[in-house]
Amino acid sequence: MARDTDGPIKPCTGLVGHGGDTERVYQMLTENPDLPYRHAAFLATKVRSTGIGRAPRFSWRDGKLLVESAPSVVAELACRIELITTTVEDRQIPAVASVELLTAEAGRAVLAENYAAYVAEYGENA
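Residues numbered from 1 in each chain as written. Predicted model: local features only at pLDDT ≥ 70, side-chain atom pairs only at ≥ 80, totals over all residues. Heavy atoms only, no water.

Novice: Just checking my understanding: could you explain helix 2 (residues 74–82) for this structure?
Specialist: Three or four residues apart is the spacing at which side chains of an α-helix point the same way, because the helix has 3.6 residues per turn. Every buried residue of helix 2 is accounted for by Val74, Leu77, Ala78 and Ile81. Angular distribution of buried residues about the axis of helix 2 spans 100 degrees; they occupy a single face of the element. Of the surrounding secondary structure, the elements contacted by the buried residues of helix 2 are strand 3 (25–31), helix 1 (40–49), strand 4 (53–54), strand 6 (64–69) and strand 9 (96–102). (Buried < 20%, exposed > 50% of the residue type's maximum accessible area, 1.4 Å probe, protein only. Helix = DSSP H or I, 4+ residues; strand = E, 2+ residues; numbered from the N terminus. Arc of directions from axis to C-beta. Contact = heavy atoms within 4.5 Å.)

So this is what it looks like as structure tokens:
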């Protein structure tokens, strides 16, 4: 809740880091195939540390990580993601091979597919 300057209390419209924007758009990150092992947790942590994006539950599958953000900061988040590097054999390489912008509907569809794949493999209560 936030107090308006006129005094009445009304619900916040969104997170401050997202400029108060409650809408969501998604980006599909494809992990760099030159990485010697999966970096899902590393990427998710780096995205969250930007303060303008996050990886929702069931966002990782087959070398791809889905991240969500607000439309007002999606371009900035994409730029920050493209700058994420990791060290492989004493050299810095990009952690992602590509960043693809998805609509809210397409992002939710990916999450639903990932959840269905998870349930098929591990069961509903896993």
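What follows picks up the thread again.
Novice: What is the right way to look at the pattern of salt bridges in this model?
Specialist: Applying the stated rule across the entire model yields five salt bridges. For glutamate 76, the salt bridge is made with arginine 80, and the minimal N-O distance between the two is 2.4 Å. Residue glutamate 76 and its partner arginine 80 are both found in helix 2; the two are separated by four residues, about one turn of the helix. Overall, the relative accessible area of 33% leaves arginine 80 in the partly exposed class. (Salt bridge = Lys/Arg side-chain N within 4 Å of Asp/Glu carboxyl O.)

Novice: Would you mind showing me how to read the environment of leucine 65 here?
Specialist: Mapped onto the elements, leucine 65 comes out in strand 6. Note on leucine 65: relative accessible area 2%, which makes it buried. In contact with leucine 65, not counting residues within four places along its chain, are Gln27, Met28, Leu29, Ala40, Leu43, Ala44, Ala55, Ser59 and Trp60.

Novice: Can you help me understand unusual backbone geometry in this one?
Specialist: Glycine aside, negative phi is the norm for most residues, and most peptide bonds take the trans geometry. Of note, the phi angle at phenylalanine 58 is positive, near 65 degrees, even though the residue is not glycine. Phi angles above zero are rare outside glycine, and aspartate 90 is one such case at about 65 degrees. Along the chain, the position of aspartate 90 falls in the loop between strand 7 (85–88) and strand 8 (91–94). Aspartate 90 sits in the exposed class, given a relative accessible area of 80%.

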